[in-house]
Structure formats: structure tokens, C-alpha cells
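# Results of the structural survey
As a plain string of letters, each chain reads:
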Amino acid sequence: MSERIVAVGLLTQRDLSLLGPSFDRVWPVEDTPSFNELLRAIDQADRDLRERNRRLQPT
């Protein structure tokens, strides 16, 4: 059974150094295709969620 992804994060080189050698799944931003599109999609999903939550709150 494969493990499911539970987090995605943006880290600096210092962050990686603090995490140590056990942190082994890293993809540098400059080597990741369509990174800007990914960030835009994440931002849009966040806006959509906030808007949905705002509409569901009683006034």
C-alpha cells in the first residue's frame, strides 16, 4: 500500500538543513514544471474555500 501525501510545503535551504538528512523527498522549485500554475491553483482553492465558508456562516 502506498502512503498518502499529508503535506506539501515550501522550504528554504536553512529549513532543509534543520530537518536533517532524514528529509529525503525534495523537489527544487527551479526543477519543478508548472510551479507558478500550481501556486495559482492553490491560491484559487484557498479563495474558493474562504468564500464558501463565508456564505455558509449565519448572518
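Overview of the structure. (Residues numbered from 1 in each chain as written. Predicted model: local features only at pLDDT ≥ 70, side-chain atom pairs only at ≥ 80, totals over all residues. Heavy atoms only, no water.)

Within the protein chain one finds two helices and zero strands. For a compact globule of 59 residues, the expected C-alpha radius of gyration is about 10 Å, and the protein chain comes in at 16 Å, more than 25% above that figure. With respect to the three principal axes, the spread of C-alpha positions in the protein chain is 50 × 30 × 25 Å. Placing the 9 positive and 10 negative side-chain charges of the protein chain at their respective mean positions leaves the two points 9 Å apart. (Helix = DSSP H or I, 4+ residues; strand = E, 2+ residues; numbered from the N terminus. Rg over C-alpha atoms; globule rule 2.2 N^0.38 Å. Lys, Arg positive; Asp, Glu negative; His and termini not counted. Charge placed at Lys NZ, Arg CZ, Asp CG, Glu CD.)

Turning our attention to the pattern of salt bridges. Any two side chains of opposite charge can pair, so long as their charged atoms come close to each other. Under the definition given, this model contains four salt bridges. Of the charged contacts, one joins glutamate 51 and arginine 54 as a salt bridge, the two residues approaching to 2.5 Å between their closest N and O atoms. Residue glutamate 51 and its partner arginine 54 are both found in helix 2 (residues 35-56); the two are separated by three residues, about one turn of the helix. For arginine 54, a relative accessible area of 52% puts it in the exposed group. Between glutamate 51 and arginine 55 there is a salt bridge, with its nearest N and O atoms 3.5 Å apart. On the criterion of helical spacing, the pair formed by glutamate 51 and arginine 55 is a turn pair, its members being four residues apart in helix 2. Residue glutamate 51 is classed as partly exposed on the basis of its relative accessible area of 31%. (Salt bridge = Lys/Arg side-chain N within 4 Å of Asp/Glu carboxyl O. Buried < 20%, exposed > 50% of the residue type's maximum accessible area, 1.4 Å probe, protein only.)

In this section: a nonpolar patch on the surface. Together, Leu10, Val29, Leu38, Leu39 and Ile42 make up an exposed nonpolar region whose accessible area comes to about 430 Å². Overall, the relative accessible area of 41% leaves valine 29 in the partly exposed class. (Patch = residues over 30% accessible without salt bridge, like charges linked within 9 Å, V, L, I, M, F, W, Y side chains within 5 Å. Areas by Shrake-Rupley, 256 points an atom, 1.4 Å probe, with all protein chains shown as cover.)

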